[in-house]
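Residue-level structural notes
The chain contents come next:
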Amino acid sequence: MIKVLKEDNVIEITGHSNYDVLGKDIVCSAVSSIETTTINGILSIDNDALKYSYKNDVMTIEILKNDNVTDKLITN
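First, a word on scope: everything that follows refers to the structure included in this document.

Turning our attention to the pattern of salt bridges. In the structure shown here, the tally under the stated rule is 2 salt bridges. Between Lys65 and Asp46 there is a salt bridge whose closest N-O contact spans 3.2 Å. Placement of the pair is Lys65 in the loop between β4 (58-63) and α2 (68-75) and Asp46 in the loop between α1 (26-45) and β3 (50-55), with a sequence separation of 19 residues. The exposure class of Lys65 is partly exposed, given its relative accessible area of 34%.

Rendered as structure tokens:
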């Protein structure tokens, strides 16, 4: 199961949907696409708005600035 946990200004995305095997799972692909598009969109507007890392199968996003655009894109 894919889990998205948000606590304060930190979001962690972990897990696997088990729709198909690793590398062929369209659900995991969709989640990865959405997270990548959101991060890139925010950073294209303000490069200092967040930090992100991918380590040990965990995507961590730290929101450094809470402004209207960042909040709307994260909520989306």
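Over its 20 residues, α1 runs 29 Å from end to end, which matches the ideal 28 Å to within 8%, given 1.5 Å per residue. Taken residue by residue, α1 has Cys28, Glu35, Thr38, Ile39, Ile42 and Leu43 as its buried positions. Projection of α1 onto a plane perpendicular to its axis shows the buried side chains occupying an angular sector of 125°, all on one side. Facing away from the buried surface of α1 by more than 90 degrees, the exposed residues are Ile26, Ile34, Thr37, Ser44 and Ile45. Along its buried surface, α1 packs onto β2 (10-14), β3, β4 and α2. Two or three places before Val27, at the opening of α1, Asp25 has a side-chain oxygen 2.9 Å from that residue's backbone nitrogen.

Calculation rules
- Residues numbered from 1 in each chain as written.
- Predicted model: local features only at pLDDT ≥ 70, side-chain atom pairs only at ≥ 80, totals over all residues.
- Heavy atoms only, no water.
- Salt bridge = Lys/Arg side-chain N within 4 Å of Asp/Glu carboxyl O.
- Helix = DSSP H or I, 4+ residues; strand = E, 2+ residues; numbered from the N terminus.
- Buried < 20%, exposed > 50% of the residue type's maximum accessible area, 1.4 Å probe, protein only.
- Expected span 1.5 Å × (residues − 1).
- Arc of directions from axis to C-beta.
- Contact = heavy atoms within 4.5 Å.
- Polar contact = N/O pair within 3.5 Å; in protein donor to acceptor, adjacent residues only side chain to side chain.

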